[in-house]
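Each chain is listed here by its residues.
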Amino acid sequence: MVEWRTIPGWEAYEISSSGTVRRIATRYRMRRCGPSVRMWDGAHALYLPVAELLAKAFPGGRTPDAIPDPDALVWLRRRVAELEEEVATLRATAQAKKPAKTEQKKRYCVVCGRELPPGYWRRCPEHAYSGEGGLSEDDFRGAVIH
Ligand SMILES: [Zn+2]
């Protein structure tokens, strides 16, 4: 049997031995947020640890045969499902953001055939301005024309 007790300092509320908090007048159950419960002091919403309220109302400790609050379990299961979904979404996003390994196409100097360092288009640094191998549009890429 669930036992309800008025919470000292919060006389408009009572708490069950299993940690459910409700308004005495309306029997409205206060919303649970993880280990806390949302309370209303008349002007502000306060999040108070259920353990603290339990200790106030049941100074001798919780009733040994107290069963877990089914509301809290439902809340917890739903929250776990939500978080699992969130993690799956984040994993998928992270996976999508990973830069695809782009095969950098190797380029070779048209004059000596050496592999070109990054940033060189047709000729190696040595032959960059040699004119050998013929000029092409590529040689003027990024050039500033005065
Ligand atoms: Zn070269």
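Q: Mind showing me how you'd approach the sheet that holds strand β3 (residues 21-23) here?
A: Adjacent strands of a sheet form backbone hydrogen bonds with each other and so pair up, either parallel or antiparallel. Sheet architecture is open: 3 strands sit in the order β1-β2-β3, paired in antiparallel fashion. Looking at which strands have only one partner, the edges of the open sheet turn out to be β1 (4-7) and β3. Neighbour-to-neighbour, the strand axes of this sheet turn through a mean angle of 35°, independent of strand direction.

Q: Help me understand the sheet that holds strand β4 (residues 32-33) in this model?
A: If you walk across this open sheet you meet the 3 strands as β4-β5-β6, and the pairing is antiparallel. Sheet topology places β4 and β6 (45-49) at the edges, where each strand pairs with a single neighbour. Pairing geometry for strand β5 (residues 36-40) and β6, over 5 bridges, is antiparallel. Paired with W40 across the strands is A45, a residue of β6. Sheet strands touched by helix α1 (residues 50-57): β5 and β6. Its angle to β6, the strand with the most contacts, is close to 75°.

Q: Can you walk me through the nonpolar core in this structure?
A: Inside soluble globular proteins, nonpolar side chains tend to come together where they are buried. In this structure, I7, W10, Y13, I15, V21, V37, L48, V50, L53, L54 and A57 together form the largest nonpolar core, which totals 11 residues. Residue assignment for this core shows that the elements contributing at least two residues are β2 (10-16) and α1. Considering each element in turn, this core owes the most residues, 4 residues, to α1. Once residues lying within four places of it in the same chain are set aside, the contact partners of L53 are I7, I15, V21, V37 and L48.

The rules behind these values
- The residue numbering used here restarts from 1 in each chain and proceeds along that chain's sequence as written.
- It should be noted that, the model being predicted, local features are given only for residues of pLDDT at least 70 and side-chain atom pairs only at 80 or more, the latter also being counted only at that level, while totals for whole chains, interfaces and linings use all residues.
- Two strands pair under a simple rule: DSSP has to find at least two bridges between them.
- Helix and strand definitions here come from DSSP, where helices need a minimum of 4 consecutive H or I residues and strands a minimum of 2 consecutive E residues; each element is numbered from the N-terminal end.
- Between the N-to-C directions of two axes lies an angle of 0 to 180 degrees, each axis being a line fitted to C-alpha atoms and, for a helix, fitted only over the stretch in contact.
- Contacts here follow a simple rule: the backbone-placed C-beta atoms of the two residues must lie within 7 Å.
- Put simply, a nonpolar core is buried Ala, Val, Leu, Ile, Met, Phe, Trp, Tyr and Cys residues tied into one set by C-beta atoms within 7 Å.
- Think of it as a crowd count around each C-beta: if 20 or more other C-beta atoms lie within 10 Å the residue is buried, if 12 or fewer it is exposed, and in between it is partly exposed, with C-beta placed from the backbone throughout.

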